[in-house]
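Structural overview
Now for the letters of each chain:
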Amino acid sequence: MNPGIPLYLWCALAASTTVQIGVHWDIAWHRSIGRDTFWSPPHLAIYLAAVLAAVAAASQILGATFRRSSPVRAHAVQVLGFRGPLGAFITAWGGITMLASAPFDDWWHNAYGLDVKILSPPHVVLAIGILCIHLGAAIFVLGARNRADGELRRRLTLLFLYVQGMIVMALLTMFMEKTIRIFMHRASFYAYVSALVPLVFCAAGRASGRRWAATLTALFYSAFLLGLLWILPLFPAQPKLGPVLFPVTQFIPPEFPLLLIVPALVMDLLWSRTPDWSRGQKAVASGIVFATVFFIAQWPFATFLMSPAARNYFFGAMYFDFNTPVASSYAHGLFLPYEVSAAAFVAGAARVGALGMASAWVGLAWGDWMRRIRR
């Protein structure tokens, strides 16, 4: 452990990491085994993250509130009579929301059966809590980073960008059902990604002020997802629910990471050459660059992922859920039908570009606000 980085920040970062491991482990569990007891290991990992977040937040809030000599008071905000860093309150709210979603989720499944959709009501509550965990950790780290200098500031900047990578993971996971490879030749796929990812890339670049911020964020996202893709199938699993339409003998991992690294690299180059542009100019250029470059990179790569050449351990296109029909388009490597007319294609491209620009503008504004955080 780096002695220059406080223990509570490591605890917040552990919460941010653990929750993503737990979420993807849980999804793999559902895809390989089916819904199991509420007390399954992935569920426990998810709620362990809430506990870690609560510990990180409580260590700062309780000390600053009840000890007048606490050094945390110098950079604390006040909420309902309690004092502490802003990131601590956001993290605490995320932990409480996650824990509150647990009995809601259990009741939902008992009342309505085996609903395993990602965006069911209890899962939405859980997702809000998870996003607050990530945002709280990011602001926790950023507050410390903006008060630091030298080597410690550089290391905290890297940790901030790591959390941005976790935020990209969390946002894309919420819409995983709409962004798997069978949709990658549809405008709707590019619309979802363009609405979510430029926001994080622009916020990361603006708040950190570091060159290659978007590229590093994309690298953290890609490395984390590749780790899950390559590690999860090493563990055996067997379906407990029927019908079993596809033979499964190991955990089913997430798909290969999206090629976000390519537009991230181009966006970083763009920002390095346009330091004097206004927020509006950068938002327009960043949104268009992201949408265009991502489309150029991902479209042919999606074609490759659907081919027999990608059905191996490295690219992971050979894994299918136990309830995937063997005769389905997905199992046969076929895309769902995409825009069939020139007008529909132009409308889809315009929607993707507009979402990319709007997302970039929000990200730049959010990043400008985060850059000033010291409490």
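**Notes on the overall build of the protein**
- For the protein, the count of helices and strands is eleven helices and two strands.
- The secondary structure elements of the protein, listed N-terminal to C-terminal, are α-α-β-β-α-α-α-α-α-α-α-α-α.
- Against the compact-globule benchmark of 21 Å for 375 residues, the protein has a radius of gyration of 21 Å, which places it among compact chains.
- With the C-alpha coordinates of the protein rotated into their principal frame, the extents come out at 70 × 50 × 35 Å.
- Split into buried and exposed, the 375 residues of the protein put 56% on the buried side.
- In the protein, once contacts between residues fewer than 6 apart in sequence are set aside, the share between residues at least 24 apart is 76%.
- Within the structure as shown, the protein displays about 16,500 Å² of accessible surface, and the carbon and sulfur contribution to it stands at 70%.
- With 28 positive and 14 negative side-chain charges, the protein shows a spacing of 11 Å between the two charge centroids.

**Quick look at the environment of Ala138**
- Its place among the elements puts Ala138 in helix 4 (residues 121–147).
- In this structure the C-alpha to C-alpha distance between Ala138 and Gly87, which are 51 residues apart in sequence, comes to 7.4 Å.
- Excluding residues that lie within four positions of it along the chain, Ala138 makes contacts with Phe160, Val163 and Gln164.

**Focus: the nonpolar core**
- Core analysis: the biggest nonpolar cluster contains 85 residues, and Leu172, Val193, Phe201, Leu258 and Leu260 have the highest contact counts within it.
- In contact with Phe201, not counting residues within four places along its chain, are Val168, Ala214, Thr217, Ala218, Leu260, Ala264, Met267, Trp271 and Phe290.
- Core analysis: the next-biggest nonpolar cluster, separate from the first, contains 16 residues, Ala15, Val23, Ile46 and Ala50 among them.

**Describing the packing of helix 5 (residues 150–174) against helix 7 (residues 187–208)**
- As a packed pair, helix 5 and helix 7 sit with axes 10 Å apart at the nearest point and diverge in direction by 170°. By the criterion of interaxial angle, the relationship of helix 5 to helix 7 is roughly antiparallel. On helix 7, the residues that touch Thr157, Phe160, Leu161, Gln164, Ile167, Val168, Leu171 and Leu172 of helix 5 are Val193, Leu196, Val197, Val200, Phe201, Ala204, Ala207 and Ser208.

**Structural notes on helix 5**
- For helix 5, with 25 residues, the first-to-last C-alpha span of 37 Å sits near the 36 Å given by 1.5 Å per residue.
- Judged by how many residues are buried, helix 5 sits mostly within the fold: 18 of 25 residues are covered.

**Concerning the packing of helix 1 (residues 7–32) against helix 5**
- Between helix 1 and helix 5, the least distance of the axes is 11 Å, while the angle of their chain directions is 25°. As judged from the angle between their axes, helix 1 and helix 5 are roughly parallel. Crossing handedness for the pair helix 1 and helix 5: left-handed. Two secondary-structure elements touch here, helix 1 through Leu9, Trp10, Leu13, Ser16, Thr17, Gln20, Val23, His24 and Ile27 and helix 5 through Leu156, Leu159, Tyr162, Val163, Met166, Met169, Ala170 and Thr173.

**Examining the packing of aromatic side chains**
- Overall, the coordinates contain 24 aromatic pairs when judged by the stated rule.
- Taking 5.3 Å as the distance between ring centres and 65° as the angle between the ring planes, the aromatic pair formed by Tyr190 and Phe295 counts as edge-to-face. With Tyr190 in helix 7 and Phe295 in helix 10 (residues 279–305), this residue pair connects regions lying 105 residues apart in the sequence.
- On the basis of relative accessibility, which here comes to 30%, the residue Phe295 falls in the partly exposed class.
- Aromatic side chains Phe256 and Phe314 sit 6.1 Å apart centroid to centroid with 40° between the ring planes, which places their arrangement in the tilted category. One end of the pair, Phe256, is in the loop between helix 8 (213–231) and helix 9 (261–273); the other, Phe314, is in the loop between helix 10 and helix 11 (342–371), and 58 residues separate them in sequence.
- Residue class for Phe256 comes out buried when judged on its relative accessible area of 13%.

**Some points on a nonpolar patch on the surface**
- Taken together, the side chains of Leu62, Phe66, Val79, Leu80 and Phe82 make up a nonpolar region of the molecular surface, amounting to roughly 540 Å² of accessible area.
- Counting through the fold element by element, Phe66 comes out in helix 2 (residues 41–66).
- On the accessibility criterion, Phe66 (60% relative accessible area) is exposed.

**Some remarks on unusual backbone geometry**
- With a phi close to 55°, Leu80 is a non-glycine residue in the positive phi region.
- Here Leu80 lies in the loop between strand 1 (77–79) and strand 2 (82–84).
- With a phi angle near 70°, Trp212 is a residue other than glycine that sits in the positive phi range.
- Residue Trp212 is classed as partly exposed on the basis of its relative accessible area, which comes to 31%.

**Here we look at the side chain of Ser16**
- Within the secondary structure, Ser16 sits in helix 1.
- Not counting chain neighbours up to four residues away, the residues in contact with Ser16 comprise Ile133, His134, Ala137, Val163 and Met166.

**Thoughts on the state of the cysteines**
- In total, this model carries zero disulfides according to the counting rule given.
- Its sulfur unpaired, Cys11 is 17 Å from the next cysteine sulfur, which belongs to Cys132.

**Here we look at the confidence of the model for the protein**
- For the protein, the mean per-residue pLDDT works out to 89, and 97% of the residues sit at or above 70.
- Helix 8 holds the highest mean pLDDT among the elements of the protein, 97, whereas helix 3 (residues 86–112) holds the lowest, 83.

**Digging into the environment of Arg35**
- Counting through the fold element by element, Arg35 comes out in the loop between helix 1 and helix 2.
- As a C-alpha pair, Arg35 and Gly81 span 46 residues in sequence and 42 Å in three-dimensional space.

What counts and what doesn't
Residues numbered from 1 in each chain as written. Predicted model: local features only at pLDDT ≥ 70, side-chain atom pairs only at ≥ 80, totals over all residues. Heavy atoms only, no water. Helix = DSSP H or I, 4+ residues; strand = E, 2+ residues; numbered from the N terminus. Rg over C-alpha atoms; globule rule 2.2 N^0.38 Å. Buried < 20%, exposed > 50% of the residue type's maximum accessible area, 1.4 Å probe, protein only. Contact = heavy atoms within 4.5 Å. Areas by Shrake-Rupley, 256 points an atom, 1.4 Å probe, with all protein chains shown as cover. Lys, Arg positive; Asp, Glu negative; His and termini not counted. Charge placed at Lys NZ, Arg CZ, Asp CG, Glu CD. Core = buried A, V, L, I, M, F, W, Y, C linked by side-chain atoms within 4.5 Å. Axes fitted to C-alpha atoms, helices over the stretch in contact; angles between N-to-C directions. Parallel < 35°, antiparallel > 145°, perpendicular 65-115°, else oblique. Expected span 1.5 Å × (residues − 1). Left-handed = near helix turned anticlockwise from the far one by under 90°. Phe/Tyr/Trp six-rings, centres within 6.5 Å; stacked < 30°, edge-to-face > 60°. Patch = residues over 30% accessible without salt bridge, like charges linked within 9 Å, V, L, I, M, F, W, Y side chains within 5 Å. Salt bridge = Lys/Arg side-chain N within 4 Å of Asp/Glu carboxyl O. Disulfide = S-S within 2.5 Å. pLDDT = per-residue confidence, 0-100.

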